[in-house]
Amino acid sequence: SDPAKQTTLEKLLEGLGSVAAQAQQELRPDASADDIAAHTVNVNVFSGMARLLSYSESIREKVKSGEVELHGAVYDIVSGKVTFLGQHPLQMCL
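Figured I'd write up the structure that's included with this text.

Rules of the game
Residues numbered from 1 in each chain as written. Predicted model: local features only at pLDDT ≥ 70, side-chain atom pairs only at ≥ 80, totals over all residues. Heavy atoms only, no water. Axes fitted to C-alpha atoms, helices over the stretch in contact; angles between N-to-C directions. Helix = DSSP H or I, 4+ residues; strand = E, 2+ residues; numbered from the N terminus. Parallel < 35°, antiparallel > 145°, perpendicular 65-115°, else oblique. Contact = heavy atoms within 4.5 Å. Buried < 20%, exposed > 50% of the residue type's maximum accessible area, 1.4 Å probe, protein only. Pairing = 2+ DSSP bridges. Salt bridge = Lys/Arg side-chain N within 4 Å of Asp/Glu carboxyl O. Patch = residues over 30% accessible without salt bridge, like charges linked within 9 Å, V, L, I, M, F, W, Y side chains within 5 Å. Areas by Shrake-Rupley, 256 points an atom, 1.4 Å probe, with all protein chains shown as cover.

## Focus on the packing of helix 3 (residues 33-55) against helix 4 (residues 57-65)
Next, step 1: Interhelical geometry of helix 3 versus helix 4 gives an angle of 100° and a closest axis separation of 5 Å. Judged by the angle between their axes, helix 3 and helix 4 are roughly perpendicular. Between helix 3 and helix 4, the contacting residues are L52, L53, S54 and Y55 on the first element and E57, I59, R60 and V63 on the second.

Below is the structure:
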C-alpha cells in the first residue's frame, strides 16, 4: 500500500513481519496460529528492548554499569494483567 496513506496502525504492523517469522522459527513446526501470535508478542518486546539498547548509548551505558535495569513486559488489554518477561536474554551481548 501507499506509505503516505497508511494509518499509524498499518505502519506499526508492517514491521512485525520479521518478528512473526522469528517467533514461528522459535516454536515447534506444529505450533498453532494462537501460539505463534502469543510468542510474537514476546519476541516483539525483546526486539524493542534490543533496538533501545542498540540505538541509545546513554541507556546502554547505564544498563551496562548496573545503574539501570531494563525489563520487558506485556500488558493484556482485555484482562488488565501485566506479564513481566524480565531482561533481554542477550542483554549483556547487545
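From this point, the narrative continues.
## Describing the pairing of strand 1 (residues 72-75)
Next, step 1: Burial along strand 1 is one-sided: G72 and V74 are buried, and none of A73 and Y75, which face the opposite way, are.
Next, step 2: Of the strand pairs in this sheet, strand 1 and strand 2 (residues 82-86) are connected by 4 bridges, and their pairing is antiparallel. Across the sheet, residue G72 finds its bridge partner in strand 2, namely G86.
Next, step 3: Counting the residues in the hairpin turn of strand 1 and strand 2 gives 6 residues, including G80, whose phi is positive at 80°.

## Description of the pattern of salt bridges
Next, step 1: Evaluation of the coordinates by the stated rule reveals 3 salt bridges.
Next, step 2: For R28, the salt bridge identified is with D35, shortest N-O distance 3.5 Å.
Next, step 3: Given the relative accessible area of 49%, R28 is considered partly exposed.

## A word on a nonpolar patch on the surface
Next, step 1: A grouping of Y75, I77, V78, V82 and F84 is seen on the molecular surface, where their side chains present a nonpolar patch of about 630 Å² in accessible area.
Next, step 2: Here V78 is to be found in the loop between strand 1 and strand 2.
Next, step 3: Since its relative accessible area comes to 78%, V78 is described here as exposed.

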